[in-house]
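Residue-level structure breakdown
Chain by chain, the residues:
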Amino acid sequence: MNQSLIFGPVFAMMLLVCIVGVLTFRERVRQYKSMRLHPQKAPTRKEFSAAMQDMRCADNPMNLFEVPMMFYVACIGLYVTRAVDLPALLIAWGYVFPRYGHSYVHCGSNIVMKRFKWFVASDFVLIALWLLWGFRLVSER
C-alpha cells in the first residue's frame, strides 16, 4: 500500500483547522464591530472572553490543537514505520469525521452534550489508531 495515503486524513484535519480559523476570524470581527470594541481593549484570552457576548467558535481552534496532536503523531509514526495499511487508513479517516462533527456542533448550535459525544467518539477512534499502530510495531519483532 502507498504509505503516503496516511496524509489524506492529515490534510483533511488541516482543512478543518483552516475552516474553523476563518469562522473564528469572521465571528471575532463581527463581535468587535457590533460592540465597537477596539481589539487592544481585549488583548488576553480572559479579557476577550469577558468582553465578547457569544463566541461559539472561539475555543474550537484550541480543541483542534490539543488531542489531535496525538493523531498527527500516530499518522507520522505509521508512515515512518511503514505500518500504513487499509485498516490504519480507515481508522485515520474514522478519526477525521467525528472531529468535523465536533467542530460543526461547536461552531453552530453548541449543544454541549452533542459536542461531547462527537469528542468522545473521536477519542475512541484515536485510541484504536494507537492500539493498531502499537500492535503493528510489536508484531513486527
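The coordinates are above.
What counts and what doesn't
Residues numbered from 1 in each chain as written. Predicted model: local features only at pLDDT ≥ 70, side-chain atom pairs only at ≥ 80, totals over all residues. Heavy atoms only, no water. Axes fitted to C-alpha atoms, helices over the stretch in contact; angles between N-to-C directions. Helix = DSSP H or I, 4+ residues; strand = E, 2+ residues; numbered from the N terminus. Parallel < 35°, antiparallel > 145°, perpendicular 65-115°, else oblique. Left-handed = near helix turned anticlockwise from the far one by under 90°. Contact = heavy atoms within 4.5 Å. Buried < 20%, exposed > 50% of the residue type's maximum accessible area, 1.4 Å probe, protein only. Polar contact = N/O pair within 3.5 Å; in protein donor to acceptor, adjacent residues only side chain to side chain. Disulfide = S-S within 2.5 Å.

One way to put it is that helix α4 (residues 68–80) packs onto helix α5 (residues 86–107) with a least axis distance of 12 Å and a crossing angle of 160°. With respect to α5, the element α4 is oriented roughly antiparallel. Crossing of α4 over α5 shows left-handed handedness. Here Pro68, Phe71, Cys75 and Leu78 of α4 lie close against α5, whose contacting residues are Ala88, Ala92, Tyr95, Val96 and Arg99.

Right, let's talk about the side chain of Gln3 for a bit. Its location among the elements puts Gln3 in the segment before α1 (7–35). Looking at Gln3, the relative accessible area reads 8%, which means it is buried. Among the polar contacts listed, one links the side chain of Gln3 to the backbone nitrogen of Ala83, at a separation of 3.4 Å. In this structure, Gln3 is in contact with Leu78, Tyr79, Arg82, Ala83 and Val84, ignoring residues within four places of it in sequence.

To continue, consider the environment of Arg28. Mapped onto the elements, Arg28 comes out in helix α1. With 91 residues separating them along the chain, Arg28 and Phe119 place their C-alpha atoms 24 Å apart.

Let us look at the environment of Val20. Structurally, Val20 is set in helix α1. Val20 gets classed as buried once you look at its relative accessible area, which sits at 2%. Each C-alpha atom of the pair Val20 and Ala121 lies 20 Å from the other, and the pair is 101 residues apart in sequence. Apart from residues lying up to four places away in sequence, Val20 is in contact with Asn60, Pro61, Leu64, Ser103 and Cys107.

Next up on the list: the state of the cysteines. Tallied over the entire structure, the rule returns one disulfide. Through a disulfide, Cys57 is tied to Cys107; the S-S separation comes to 2.1 Å. Here Cys107 lies in helix α5 and Cys57 lies in the loop between α2 (45–51) and α3 (60–63), a separation of 50 residues in the sequence. Its relative accessible area of 2% is what places Cys57 among the buried residues. The thiol of Cys75 is not disulfide-bonded; the next cysteine sulfur, from Cys18, is found 17 Å away.

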